[in-house]
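# Structural description and commentary
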Amino acid sequence: GGGRTYWNTWVSCEEWSGGGYCWEVDPHTGHTAKVKNVDEGGQYESFAYDDQDPDVTARFFTTEDRGDGALIRYTPHPDAYTTNNVYDILNTENGDYDFLVL
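Keep in mind the model is a prediction, meaning the values are calculated, not measured.

When helices and strands are tallied, the chain shows zero helices and eight strands. Starting at the N terminus and walking to the C terminus, you meet the elements of the chain as β-β-β-β-β-β-β-β. Its C-alpha radius of gyration of 13 Å places the chain within 12% of the 13 Å reference for a compact globule of 102 residues. Along the first, second and third principal axes, the C-alpha atoms of the chain reach 35 × 30 × 20 Å. For the chain, the residues scored as buried account for 34% of the 102 residues in total. The long-range share in the chain, meaning contacts at least 24 apart out of those at least 6 apart in sequence, stands at 38%.

The next subject is the sheet that holds strand E4 (residues 32–34). Reading across the sheet, the four strands line up as E1-E2-E3-E4 and stay open at both edges, with antiparallel pairing between neighbours. The open sheet has two edge strands with one neighbour each: strand E1 (2–4) and E4. The average angle at which neighbouring strand axes cross in this sheet is 20°, direction not considered.

In this section: the nonpolar core. Counting residues in hydrophobic clusters, the biggest one holds 14 residues, and the most contacted among them are Val11, Cys22, Phe47, Phe60 and Leu90. For this core, the secondary structure elements donating two or more residues are strand E2 (10–16), strand E5 (44–50) and strand E7 (70–75).

Ordered in space as E5-E6-E7-E8, the four strands form an open sheet in which the pairing is antiparallel. Strands at the two margins of the open sheet, each flanked by one partner only, are E5 and strand E8 (96–101). Between one strand axis and the next, the sheet turns through 20° on average, direction left out of account. Across four bridges, the pairing between strand E6 (residues 59–64) and E7 is antiparallel.

Inspection of the secondary structure puts Thr92 in the loop between E7 and E8. Owing to a relative accessible area of 17%, Thr92 belongs among the buried residues under this scheme. Those residues within four positions of Thr92 in sequence are excluded, and the remaining contacts are Asn37, Tyr74, Asp79 and Ala80.

Conventions we followed
Residues numbered from 1 in each chain as written. Predicted model: local features only at pLDDT ≥ 70, side-chain atom pairs only at ≥ 80, totals over all residues. Heavy atoms only, no water. Helix = DSSP H or I, 4+ residues; strand = E, 2+ residues; numbered from the N terminus. Rg over C-alpha atoms; globule rule 2.2 N^0.38 Å. Buried < 20%, exposed > 50% of the residue type's maximum accessible area, 1.4 Å probe, protein only. Contact = heavy atoms within 4.5 Å. Pairing = 2+ DSSP bridges. Axes fitted to C-alpha atoms, helices over the stretch in contact; angles between N-to-C directions. Core = buried A, V, L, I, M, F, W, Y, C linked by side-chain atoms within 4.5 Å.

Below is the structure:
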């Protein structure tokens, strides 16, 4: 599973050895990197974003491949948007996490 970012890369959600990882892949440049801030452990299944909230640039979501898995919302720190490098948005420190356990 996975999902697209609003800057047109793909975040692939992969399960591995009882845990999970998210990898950002840019099909245009070949850039591939583990997503540090969305990757908080878990058996990830999907990735999505919301860029419609006027109070923040964007929020990012992951779901887990478990019936009782959490929906995780990650809001990057505003500094994530100051580097002029879209690859930093999901990898800059001090963002906020919200967990909804279904």
